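Descriptive analysis of the structure
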Amino acid sequence: MNKIFIISIFFALIFSSCATKNTTLEKIEDTEPTVTTDDVITDEDTPDYNEEPVEDVEEYISEEQAEYLRSIDAIEDAEIVSFDEFADDKAAILKIIEEMSQVMQKFDFEKWKTYIEPASIEYFSNPANLRKTQKKLPDKTLHIKGLRDYFKYVFIPARQISSVDEIRYISKTNVKAVQVRKEEGKIIVYYYFVKINGKWYVQLPPE
């Protein structure tokens, strides 16, 4: 009789414990986290790491500014040329080239000399230097006896059909006048200029 009573109490405790666990689990399962729209990450919020790279900065500046940057690329920061100085220098140099074009058409030797720096005139007035120049001419029948012959046989043929687009600074007072051939990716140098006492002169490259 006592055994039956004890066993009955034991099973009653077990069933009571199971019922309590089930009730707790049901409460846990019925409780779901609250999710708001602010917590949801959509495709629009996800960073796109495959975006195209930023285009070259030259596409965001004017053509004049891009040309200016190309022109001063070779000079040191200490000799930096402002955009206004660049614009003034280019205008002055192109004006000289245009005037010299007329001079070459007229074979005006005396006028031509006024555009040439004194050091270049002195150098090519030296017979020894003229002989060096003559040896480099493709036509070996030509004889360069003086500066006038240099003007006629060397200077004019090399520049008669030239077309200058831009300038390139070597330094603040030395500039190359060039034609830019973008399709070929190169430039052709037609003139060298030197600034003396605030004025630009043509500099004849020595042999």
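It should be emphasised that the depicted structure is a prediction, and the values quoted were computed from it without experimental measurement. (Residues numbered from 1 in each chain as written. Predicted model: local features only at pLDDT ≥ 70, side-chain atom pairs only at ≥ 80, totals over all residues. Heavy atoms only, no water.)

Comments concerning the pairing of strand β1 (residues 166-171)
Of all six residues that make up β1, five are buried, and the element is covered over most of its length. The sheet contact formed by β1 and strand β2 (residues 174-181) spans five bridges and is antiparallel. Each bridged residue has a counterpart across the sheet, and for Arg-168 the counterpart in β2 is Lys-176. Counted between consecutive antiparallel strands, the loop separating β1 from β2 contains two residues. (Buried < 20%, exposed > 50% of the residue type's maximum accessible area, 1.4 Å probe, protein only. Helix = DSSP H or I, 4+ residues; strand = E, 2+ residues; numbered from the N terminus. Pairing = 2+ DSSP bridges.)

Describing the nonpolar core
Core analysis: the biggest nonpolar cluster contains 36 residues, and Met-100, Trp-112, Tyr-150, Phe-155, Tyr-191 and Phe-193 have the highest contact counts within it. For this core, the secondary-structure elements that each account for two or more residues are α3 (83-105), α4 (109-113), α7 (147-159), β1, β2, β3 (186-196) and β4 (199-202). For this core, the element with the highest residue contribution is α3, accounting for seven residues. Look past the residues within four positions of Met-100 in its chain and what remains in contact with it is Trp-112, Tyr-115, Ile-116, Phe-155, Tyr-191 and Val-202. (Core = buried A, V, L, I, M, F, W, Y, C linked by side-chain atoms within 4.5 Å. Contact = heavy atoms within 4.5 Å.)

Quick look at helix α6 (residues 127-135)
Along α6, the residues classified as buried are Asn-129, Leu-130 and Thr-133. Mapping the buried residues of α6 onto a view down its axis gives an arc of 100°, with all of them on the same face. Among the exposed residues of α6, those oriented more than 90 degrees off its buried face are Arg-131 and Lys-135. Along its buried surface, α6 packs onto α5 (118-123) and α7. Here α6 starts with a cap whose side-chain oxygen sits 2.9 Å from the backbone nitrogen of Ala-128, and that cap is Asn-126. (Arc of directions from axis to C-beta. Polar contact = N/O pair within 3.5 Å; in protein donor to acceptor, adjacent residues only side chain to side chain.)

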